[in-house]
Amino acid sequence: MATSVKIDDDLKARIQTLAGQRRRSAHWIMREAIREYVEREEARESFKQEALASWAHFQETGLHLTGEEVFAWLDTWGTDEEQDAPECHT
């Protein structure tokens, strides 16, 4: 799929400079930038959807852990007294 993107002269010059420094083509720099942006935004959207699903589950069930419970559990990680995750409660 061929797509054109209009960029201003300043950004174009910056891309060309960076491409020269990295010994890559300007096209490669732009493709890589777009790929990284899309991956980051997909991850952000996935996190948002997971948070919304967790909130909906909490609203339906009331099951939760307090911050203190989570921190106390995490404090045991890597110690001889490492504990299993605490049980959620209402």
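Shown above is the structure to which this text applies.
Scoring rules and cut-offs
Residues numbered from 1 in each chain as written. Predicted model: local features only at pLDDT ≥ 70, side-chain atom pairs only at ≥ 80, totals over all residues. Heavy atoms only, no water. Helix = DSSP H or I, 4+ residues; strand = E, 2+ residues; numbered from the N terminus. Rg over C-alpha atoms; globule rule 2.2 N^0.38 Å. Buried < 20%, exposed > 50% of the residue type's maximum accessible area, 1.4 Å probe, protein only. Contact = heavy atoms within 4.5 Å. Areas by Shrake-Rupley, 256 points an atom, 1.4 Å probe, with all protein chains shown as cover. Lys, Arg positive; Asp, Glu negative; His and termini not counted. Charge placed at Lys NZ, Arg CZ, Asp CG, Glu CD. Phe/Tyr/Trp six-rings, centres within 6.5 Å; stacked < 30°, edge-to-face > 60°. Lys NZ or Arg CZ within 6 Å of the ring centre and 35° of its normal.

Our focus in this paragraph is the overall build of the chain. Along the backbone of the chain there are 3 helices and 0 strands. Each helix and strand of the chain, ordered N terminal to C terminal, gives the series α-α-α. For 90 residues, the compact-globule estimate of 2.2 N^0.38 gives 12 Å, and the C-alpha radius of gyration of the chain, at 23 Å, exceeds that figure by more than 25%. When the backbone C-alpha atoms are referred to their principal axes, the chain occupies close to 60 × 35 × 25 Å. Counting across all 90 residues of the chain, residues that qualify as buried make up 4%. Pairs at least 24 residues apart make up 30% of the contacts formed inside the chain by residues separated by at least 6 positions. Entry remark: accessible area of the chain is about 8200 Å², with carbon and sulfur atoms responsible for 54%. Within the chain, one finds 11 positive and 19 negative side-chain charges whose respective centroids are separated by 22 Å.

Let us now look at unusual backbone geometry. One non-glycine residue, Arg23, lies in positive phi territory at about 55 degrees. With respect to the helices, strands and loops of the structure, Arg23 is situated in the loop between helix H1 (9-22) and helix H2 (26-61). Under the relative-accessibility criterion, Arg23 is labelled exposed at 78%.

The next thing to look at is the packing of aromatic side chains. Inspection of every chain in the model, using the stated rule, returns 2 aromatic pairs. Taken together, a centroid distance of 5.1 Å and an interplanar angle of 90 degrees make the contact between Trp73 and Trp77 edge-to-face. The class for Trp77 is partly exposed, based on a relative accessible area of 48%. Arg24 extends its terminal NZ or CZ atom over the ring of Trp28, reaching a point 4.1 Å from the ring centre.

As for its placement among the helices and strands, Leu65 is situated in the loop between H2 and helix H3 (67-74). Spatially, the C-alpha atoms of Leu65 and Ser54 are 12 Å apart, while their sequence positions differ by 11 residues. Each residue touching Leu65, except ones within four places of it in the same chain, is listed here: Val70, Pro86, Glu87, Cys88 and His89.

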